[in-house]
Amino acid sequence: MEVLKEKAYVYLFYCVLLDIRSASYTHRIRWWKPSSWIQAKIDLQEINNIADVFHNLPDLLVNRPNEFDEKWFWDYLKQRLPERYEFYFLVFTEKLNEKA
């Protein structure tokens, strides 16, 4: 895999970690407000889906690049996170096409 593509995946992973961080803020949960519990459950499910899609990405890129199947990765991302797929793909392609 070429260096620019690797850098774009690393940047994508960085953005994913920021999404996980922002979805995990528990200070928004109010014990007296059941609707905040529902949102916390939704946020937790989203974090789980994001982590499930991206958890092997660093290992594959660094230690096993020949095993990394880009088409499968993007198809799986679209299947598991359809509402985030376009955003993540845009982040990746913008970084890939960025001028040095």
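Residues numbered from 1 in each chain as written. Predicted model: local features only at pLDDT ≥ 70, side-chain atom pairs only at ≥ 80, totals over all residues. Heavy atoms only, no water.

## Quick word on the environment of Pro58
Stage number 1. Structurally, the position occupied by Pro58 is in helix H3 (residues 57-62).
Stage number 2. Exposure remark for Pro58: the relative accessible area of 31% places this residue in the partly exposed category.
Stage number 3. Sequence-distant contacts of Pro58, defined by excluding residues within four places in its chain, comprise Phe13 and Asn63. (Helix = DSSP H or I, 4+ residues; strand = E, 2+ residues; numbered from the N terminus. Buried < 20%, exposed > 50% of the residue type's maximum accessible area, 1.4 Å probe, protein only. Contact = heavy atoms within 4.5 Å.)

## With respect to the packing of aromatic side chains
Stage number 1. As enumerated under the stated definition, the model contains 15 aromatic pairs in all.
Stage number 2. An angle of 80 degrees between the planes, with centres 5.9 Å apart, marks the rings of Tyr9 and Phe73 as edge-to-face. Here Tyr9 is found in helix H1 (residues 3-23), whereas its partner Phe73 is found in helix H4 (residues 70-80), with 64 residues between them in sequence.
Stage number 3. We classify Tyr9 as buried; its relative accessible area is 0%.
Stage number 4. The class of Phe73 is buried, set by a relative accessible area of 3%.
Stage number 5. With 4.8 Å between their ring centres and 15 degrees between their planes, Trp72 and Tyr76 make a pair best called stacked. Highlighted residues: Trp72 and Tyr76, both in helix H4, separated by 4 residues, approximately one helical turn.
Stage number 6. In this structure, Lys95 is placed above the aromatic ring of Tyr11, and the distance from its NZ or CZ to the ring centre is 4.8 Å. (Phe/Tyr/Trp six-rings, centres within 6.5 Å; stacked < 30°, edge-to-face > 60°. Lys NZ or Arg CZ within 6 Å of the ring centre and 35° of its normal.)

## A look at the confidence of the model for the protein chain
Stage number 1. Averaged over every residue, the pLDDT of the protein chain is 87; the share at 70 or more is 92%.
Stage number 2. Averaged over each element, pLDDT in the protein chain is lowest for helix H2 (residues 34-54) (84) and highest for helix H5 (residues 82-96) (95). (pLDDT = per-residue confidence, 0-100.)

## Section: the nonpolar core
Stage number 1. Membership of the largest hydrophobic core comes to 21 residues, with the highest contact counts inside it found for Tyr9, Leu12, Phe54, Phe73, Trp74, Leu77 and Tyr88.
Stage number 2. Per-element accounting of this core gives the leading share, 5 residues, to H1. (Core = buried A, V, L, I, M, F, W, Y, C linked by side-chain atoms within 4.5 Å.)

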